[in-house]
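# Observations on the model geometry
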Amino acid sequence: MCGIVGYIGNKNATDIIYDGLKKLEYRGYDSAGIAVIDHNIVKTNRSTGKLVNLKANLEKNPIAGNIGIGHTRWATHGKPSEENAHPHTDCSGKIVVVHNGIIENYISLKKQLVEEGHKFDSETDTEVVAHLIEKNYHGNILEATKKALKQVRGTYALAVICGEEPDKIIVSRNDAPLVIGVGENENFIASDVPALLAYVRDVIFLENGDICEITKNGVKITNQDKLIERKTQKILWNAIQAEKGGYKHFMLKEIYEQPQSIQDTFRGRVFSDQKQILLEIKNITKEVLNKISRIYIIACGTSYHAGLTAKFLLEEFVQIPTEVDIASEFRYRNQVLDKNSLAIFISQSGETADTLVALRLAKQKGAKTLAICNVIGSSISRDADDVVYTHCGPEIGVASTKAFTGQVMALLLLVFDFAVKKGTITEEQLDNYIKQIWNLPSKVSECLKQADKIEKIAKIFSQTKQFIYLARNINYPIALEGALKLKEISYIYAEGYAAGEMKHGPIALIDENMPVMVIATKSRIYEKIISNIQEAKARGANIIAIVNENDTAVTKLSDYQIVVPEVDEIFSPIINVIPLQLFAYYVSTMRGCDVDQPRNLAKSVTVE
Ligand code: AGP
């Protein structure tokens, strides 16, 4: 995720901003920059890569001033490069912006601005805002920013400075965090608290729609053109706690980020008023897709589980035979792919060695290739013919959570995109699904409200030696994913199984010492899963069931229930995985395991 830091006061802004950006490094980034105003002159310094590169640039070309803004960029639109690094300026170079978020309508805005003669230096969505402010600037940077934002659709934490008005920073937020640090004759801004803790403890967390004018002696906040007061809060966290946003572990923070990361993944790609999906796919056109006879999905670990959900969706909606493969197996078989094959590679890091080699082998066989990645500019995203990014922000915890639900979300969008291209989905169906997609973040938030109950159940099972996870159909991959979560962070042996497969052997494992987690939300196989629960119950298993509200049949049969909101079953993997993530997290912490850095594991397996 991008990081923003700003300062206005009597000290040198450059040093304060640089130090603040260093405190935001954990958010992940691929370029950085700072702009200051020095006697009405805007001075900017940017670099790709890590902040040390920016520091080297600043030593060669120092900039100083009492007001400035800085940024670490996590690329979303436009590759990591100096040109795409923030801050961005307007044509005059006097108006400077830094931004975190996604400007959904930047393409149409940019087209109009270019037609009006504006010259752009970058591929970013952010630069559009600088020119939009310029277009509306008539001597008042606050008013110009307000007018510009009225034309913008999307998410933003935005900071603006102007060479003509060097006594103020303008900031605004919509669905991306921004906090003001309140000092004595100086004020600070940042995307997140860690950047401020060395200087202030009194902060103001901005709300959506707030537009503020910040001088060194004051903060003026408006919302919908009305002057408003926001309370100042005192931060008691230490620096480490602050990086985790007050959560005990990055994994827990990332579990709770999922309503936002899922929304960030579909925002700008589905519109409730338009029956279409907008994905950045250039090469897999309708014509190409109509020649595809088979789809191969190749990945590792959690990403492989996301791929298994896509198999159901592709065969359900696009009717192209689909097979899913573990990359380390795929790469050592005789891959029977050809130019009529589409190979989809799923990877959070975009650097997993087995998946990268599998991609290159598929290309050698002439297959069309598409990547689902979370890291812009990663090897897998660069080598594939097309890429659909999950906009989850950096995932620090080794156990993947928000990246998984982001992958499933991105795959759902891909399936609908293909179905539109193949004509295998009606407008009415698509419209209905798009409406449900917009409700998913709030449904995920409802799941997160079960955390206390899940923690209590986890306590009961925290010392168990083994676990079986059961599910069927589109939730079978979620049983595998839930078991993997428990295995990798609590070191308990856990097995995910297709519930219908139990009677072919694994049921011999069931007795009162084998707890069973079963996904039993409403679906076309609901009655079948009830039979499977009865089979396990009859052999003495302790059963935890994931159920929908008002469920009776499964509730009667199971020992513990975790209630999740009912959604169309094609969306149920995103909902049903949430309690399994929390369950694994709580069991792990109760066993004193290292949740964020489990033993023997790496976040990105870049070796065979
Ligand atoms: C997931 O919790 C694991 N950390 C691991 O299985 C991971 O999903 C796998 O290594 C694939 O990583 P990738 O998505 O970055 O390719």
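Residues numbered from 1 in each chain as written. Predicted model: local features only at pLDDT ≥ 70, side-chain atom pairs only at ≥ 80, totals over all residues. Heavy atoms only, no water.

## Comments concerning the side chain of H99
Note the cut-off: The secondary structure listing takes helices from DSSP runs of H or I that are at least 4 residues long and strands from runs of E that are at least 2 residues long, numbered from the N terminus. A 1.4 Å probe rolled over the protein chains alone gives each residue an accessible area, and that area as a share of the maximum for its type sets the label: buried under 20%, exposed over 50%, partly exposed in between. Whether two residues touch is decided by their heavy atoms; if any such pair falls within 4.5 Å, the residues are in contact.
Residue placement: H99 occurs in strand 6 (residues 95-103). Look at H99 and you get buried, because its relative accessible area is 2%. Discounting chain neighbours no more than four positions away, the residues touching H99 are C2, I4, H71, H86, D125, T126, T155, Y156, A157 and L158.

## Some words on the site of the ligand
Keep this limit in mind: Proximity criterion: a residue is near a molecule or strand once any of its heavy atoms comes within 4 Å of it. Polar contacts, as used here, are pairs of N or O atoms within 3.5 Å; protein pairs need one atom able to donate a hydrogen and one able to accept it. Residues neighboring in sequence count only if both atoms are side-chain atoms. Using the Shrake-Rupley algorithm and a 1.4 Å probe, accessible areas are obtained, with residue cover drawn only from the displayed protein chains. Charged means Asp, Glu, Lys or Arg here, nonpolar means Ala, Val, Leu, Ile, Met, Phe, Trp, Tyr, Cys or Pro, and polar covers whatever is left, Gly included.
The immediate surroundings of the ligand are formed by 14 residues, with S303, S347, S349, T352 and E488 found nearest. Taking Q348, its main chain carries an N or O atom lying 2.7 Å from an oxygen atom of the ligand. Here the ligand loses 90% of its free accessible area of 410 Å² to cover by the protein chains. Those elements that place two or more of their residues in the shell around the ligand are helix 10 (301-317) and helix 17 (476-490). Take the shell around the ligand: its biggest share by element is three residues, from helix 10. Here the residues of the shell around the ligand are counted per class, giving four nonpolar, eight polar and two charged.

## Some remarks on the nonpolar core
Basically, it comes down to this: In this text, buried Ala, Val, Leu, Ile, Met, Phe, Trp, Tyr and Cys residues form a nonpolar core when linked through side-chain atoms within 4.5 Å.
Counting residues in hydrophobic clusters, the biggest one holds 92 residues, and the most contacted among them are F317, I344, L414, F416, Y469 and F583. Every residue in contact with L414, bar those within four places of it in the chain, is listed here: L279, I281, I344, L370, I372 and V388.

## Focus on the sheet that holds strand 10 (residues 187-190)
The strands that make up a sheet pair up through hydrogen bonds in the backbone, lying either parallel or antiparallel. Defined as follows: A pair of strands is treated as paired once DSSP finds two or more bridges between them. Convention adopted: a line fitted to C-alpha atoms gives each axis, helices being fitted over their contacting stretch, and angles between N-to-C directions are expressed from 0 to 180 degrees.
The sheet built from eight strands is open, its strands ordered 3-2-4-1-10-9-11-15 with antiparallel pairing. Strands with a single pairing partner mark the edges of an open sheet, and in this sheet they are strand 3 (41-48) and strand 15 (233-234). Summarising the sheet, strand 9 (residues 179-182) and strand 11 (residues 202-205) pair through three bridges and their orientation is antiparallel. By the bridge assignment, G181 is partnered in strand 11 with V203. Set on the sheet, helix 1 (residues 13-23) makes contact with strand 1 (3-8), strand 2 (31-38), strand 4 (67-73) and strand 10; between it and strand 1 the angle comes to about 155°. Along the sheet, helix 2 (residues 51-60) makes contact with strand 2, strand 3 and strand 4, crossing strand 3 at roughly 135°.

## A look at the pattern of salt bridges
What counts, and what does not: Salt bridge, as applied in this entry: a Lys or Arg side-chain nitrogen positioned within 4 Å of an Asp or Glu carboxyl oxygen.
Inspection of every chain in the model, using the stated rule, returns 33 salt bridges. For E213, the salt bridge identified is with K168, shortest N-O distance 4.0 Å. Note that E213 is positioned in strand 12 (residues 210-214) and K168 in strand 8 (residues 165-174), a separation of 45 residues in sequence. Overall, the relative accessible area of 15% leaves E213 in the buried class.

## Some points on the pairing of strand 12
Of all five residues in strand 12, five are buried, a share of seventy percent or more. Across four bridges, strand 8 lies against strand 12 in antiparallel orientation. Bridge pairing in strand 12 links I169 to I214. Both strand 12 and strand 13 (residues 219-223) contribute to a ladder of five bridges, which runs antiparallel. Of the residues in strand 13, the one forming a bridge with C212 is I221. In this antiparallel pair of consecutive strands, strand 12 and strand 13, the connection spans four residues.

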